[in-house]
Amino acid sequence: MALRGPAGLGPGSRRPLDEAVAGAEGREAPALVAAGGAPEDDEEDDGRGRGLLRWDGFSAWLHCVCVVGFDLELGQAVEVIYPQHSKLTDREKTNICYLSFPDSNSGCLGDTQFCFRFRQSSGRRVSLHCLLDQFDKDLPVYLKKDPAYFYGYVYFRQVRDKTLKRGYFQKSLVLISKLPYIHFFHTVLKQIAPEYFEKNEPYLEAACNDVDRWPAPVPGKTLHLPIMGVVMKVRIPTCHDKPGTTQIVQLTQQVDINISVILPTVHEVDIFRCFCPVFLHSQMLWELVLLGEPLVVMAPSPSESSETVLALVNCISPLKYFSDFRPYFTIHDSEFKEYTTRTQAPPSVILGVTNPFFAKTLQHWPHIIRIGDLKPTGEIPKQVKVKKLKNLKTLDSKPGVYTSYKPYLNRDEEIIKQLQKGVQQKRPSEAQSVILRRYFLELTQSFIIPLERYVASLMPLQKSISPWKSPPQLRQFLPEEFMKTLEKTGPQLTSRIKGDWIGLYRHFLKSPNFDGWFKTRRKEMTQKLEALHLEALCEEDLLLWIQKHTEVETVDLVLKLKNKLLQADREHLPVKPDTMEKLRTHIDAIILALPEDLQGILLKTGMT
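In this report, the structure presented in the accompanying data block is examined. Quantities reported herein were computed from a predicted structural model and do not represent experimental measurements. (Residues numbered from 1 in each chain as written. Predicted model: local features only at pLDDT ≥ 70, side-chain atom pairs only at ≥ 80, totals over all residues. Heavy atoms only, no water.)

1. Some details on the environment of I271
Next up, step 1: Looking at the element boundaries, I271 is found in helix α9 (residues 271–275).
Next up, step 2: Sequence-wise, I271 and E307 are 36 residues apart; in three dimensions their C-alpha atoms are separated by 8.3 Å.
Next up, step 3: Beyond its immediate sequence surroundings of up to four residues, I271 is in contact with A311, N314, C315, S433, L436, R437 and F440. (Helix = DSSP H or I, 4+ residues; strand = E, 2+ residues; numbered from the N terminus. Contact = heavy atoms within 4.5 Å.)

Written out as C-alpha cells, the structure reads:
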C-alpha cells in the first residue's frame, strides 16, 4: 500500500477546472490535492480558517471525498483528497486505502457499494463542525455522531481494461463523514460515481461545490439537496418523532416536478433482505446485539457484510448500540491485532468480514453468522441452522449461525409465520422490512419500558427543589429494587413473548448497552433538575432577597446566576426561552441596585 498523487501532479499541484465549475456562483473552488499534499501536522495552517468558512456547507455533511486507485507497483493508493483543507493522518489514509477495496477473493466485478467505519487517530485534535454539534441534540440517540469514528461510503468499480497492465480498471470513490446516514450517502454515490469515472476530477469538483451549497442537516426539516442536476428530497429524523414512523411520506402527497429522488429514510438498510437467510433466528440475534455480545458476520462480499452488520445494529432501535461495530473489517485494519488476540476474551464488537483468513483467526469468538450471497428481492434463501462453533473451519463452511448461546426468550412463532406467508405471497421486501422492523421495535420497547419507568422513579420530587440549595441528586439505580418492579410492571404488560425475562435483564445490566443507555438517561435527568432549579430561581423575588443580604453575597449571587446562564447555553439545558430571558432581567435588575463601581465590574464579567 502506498500514498501517491494523481498522474501528472506533484504534491500540492493544481489541476485546471472547467470554466463552468470555476464560475459556479462566483465561488472560488480549491483545487484537488494529491494525497501527500496536505501537511500532516495537526495545527491549522494560516489559510485554513478562511477555507473552512468557504466550505462550511460541505463540512456540515462530509469531512472529505477520497479517490482510491490501484497501482501495480504501489498497491492501493489514495490518489485524491478533496477539498484541499481536509486533513487525514497517515494512519487514517492507510485505513481508507484498504477498506475502500473488496478483498481479492470477493471477485466483485462491475460496480459495488458498501460502507465501513474506522477509528479516528488518537492524538489528533478533534475538529468538529459547530453546526453539527448544535443539531446533534435534536437527533435520535442512535443517529448522534460519535466524535471518535468516521464512516466511509464506497462506490467501487472493477472492469476489464486491456490497456492496463493488470488487465482491470479498479477504483473507488469514497465519501468520508461523521454522519451515519447510510442510505442517503449510498444514494448520493449512485448519482455521482458512474459519471465521475467517465469525467474525472472536474466533475468531482462540481459535485462538491453543489454539496457546499446544501442547507445544513437540520433534524426535522424537509431538505431539497441538488447535486449535478438531480434534486434529492430528504428529512432527517428528530428525537421527538414517534419511533417506527417515516415523516417524509406524509410530505410527498403532491408531485413536485423538480424533485428527482425522494428518500423515505436517511439511515435504514433493507433489514429483511439482510435477515432473510436467518429470520428463524432473528429473535436470538436481537438478544445477542442487545447484550453487546462479540459477533462476527462472515460474508462473500463487503456489500453483504456491511449491510448485515448495519441491520444488526439497527435491530435494537430506538436503543443505541453503544459498542464498536465494523461493517467491513480487513486484516490490514489498525485494530486487527486488538480485535483478534487470543490472550483475552473477544471484545464487545460486531465485525463484518470477507477474508477466509478470519475463519481461522476468529474461530474462538462465541457467535459467528456465516451467510451466503444475499438473494435479490423476492427470492428466499434456504434457512440456515444454529450450529456448534467447532463445525466452523473455513469461510467455505455452510451458511449458519455458529454459537452455543441459549436464548433467554421463547421464539415468537407468530412473526415467523407472518414473514413466511409474505415470502409465499411474494410480498415486496420493503413490506417485509416494515413488518420485521415493527416487530423489533415492539420487542425493544417492551424490554426498555420497565427500565424507563424505574429510572423515572429515581428523579427527586419537584417540591424538593429549592432555589437556595444545589439541585438534589438522583437516587441510585439498585438492580434488585428494579427486579422487584418487574412482577407487576414487567414486559408481560406489552409483549406476548414468554421466557426468562429476568435473566435477560440481569445479563443486560452488565452490558455496554445498559451502561451507555443509563449514562445518557442520567445526564438528561440531571439536566432536567438543573433546568427546574433555574425555573425555581426565576420565580423568586431576588430584589427582596438582596435587601436582606450584604453586597458581597449579592455579587456572589450575580456571578452564580451568570454561570447558570452559561451552563444552560453550553449544555443545551431543557429551559424555556422565557425563563432564560427572565433570569437575564433579574441579573440586570440586581446589578442596577448595586453601587456604580460594582455595576461596571459586573457588567463586564461574563454575559448578561
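2. Things to note about empty space enclosed by the protein
Next up, step 1: Following the criterion strictly, the structure yields 4 cavities of 30 Å³ or more and no others.
Next up, step 2: The calculated volume of the second largest cavity comes to roughly 70 Å³.
Next up, step 3: When residues of the lining of the second largest cavity are traced back to their parent elements, those giving at least two are α6 (182–199) and α7 (201–212).
Next up, step 4: Among the elements that take part in the lining of the second largest cavity, α7 stands out by supplying 4 residues, more than any other.
Next up, step 5: Here the lining of the second largest cavity is built from residues that sort into 13 nonpolar, no polar and no charged. (1 Å grid on protein atoms, 1.4 Å probe; cavity = no way out; pocket = protein on both sides within 12 Å on 5 of 7 lines; lining within 4 Å. Points joined across faces, edges and corners; volume = space filled by probe spheres on them. Nonpolar A, V, L, I, M, F, W, Y, C, P; charged D, E, K, R; others polar.)

3. Some details on helix α21 (residues 577–592)
Next up, step 1: Between its terminal C-alpha atoms α21 stretches 23 Å, which fits the 22 Å expected from 16 residues at 1.5 Å a residue.
Next up, step 2: Along α21, the residues classified as buried are T579, M580, L583, H586, I587, I590 and I591. Viewed end-on, α21 has its buried residues packed into an arc of 130°, placing them on one side of the element. Of the exposed residues in α21, the ones pointing more than 90 degrees away from its buried face are P577 and L592. (Expected span 1.5 Å × (residues − 1). Buried < 20%, exposed > 50% of the residue type's maximum accessible area, 1.4 Å probe, protein only. Arc of directions from axis to C-beta.)

4. Some thoughts on the pattern of salt bridges
Next up, step 1: Applying the stated rule across the entire model yields 29 salt bridges.
Next up, step 2: With a shortest N-O distance of 2.5 Å, K199 and E195 are connected by a salt bridge. Here the residue K199 and the residue E195 both occupy positions in helix α6, the gap between them amounting to 4 residues, near one helical turn.
Next up, step 3: In this structure K199 comes out as partly exposed when scored by relative accessible area, which is 46%.
Next up, step 4: Within the structure, one salt-bridge network assembled from shared partners comprises R91, R117, R119, D146, D324, R326, D333, E335 and E338. (Salt bridge = Lys/Arg side-chain N within 4 Å of Asp/Glu carboxyl O.)

5. Details of the sheet that holds strand β9 (residues 261–262)
Next up, step 1: Across the sheet, 3 strands lie side by side as β7-β8-β9; this open sheet has mixed pairing. Two strands bound the open sheet, and with one partner strand each, they are β7 (222–227) and β9.
Next up, step 2: Where strand β8 (residues 230–235) and β9 come together, 2 bridges link them in parallel fashion. Opposite K233, over in β9, you have I262 as the bridge partner.
Next up, step 3: Each of β7, β8 and β9 is contacted by α6, which is oriented at about 175° to β8, the strand it contacts most. (Pairing = 2+ DSSP bridges. Axes fitted to C-alpha atoms, helices over the stretch in contact; angles between N-to-C directions.)

6. What about the packing of α6 against α7?
Next up, step 1: α7 packs onto α6 with a crossing angle of 150° between their chain directions and a minimal axis gap of 7 Å. Here α6 lies roughly antiparallel to α7, going by the angle between them. Counting all contacts with α6, which are made through Q191, I192, E195, Y196 and K199, the residues of α7 involved are E201, P202, Y203, L204 and A207.
Next up, step 2: Here the residues of the contact of α6 with α7 are counted per class, giving 6 nonpolar, 1 polar and 3 charged. (Parallel < 35°, antiparallel > 145°, perpendicular 65-115°, else oblique.)

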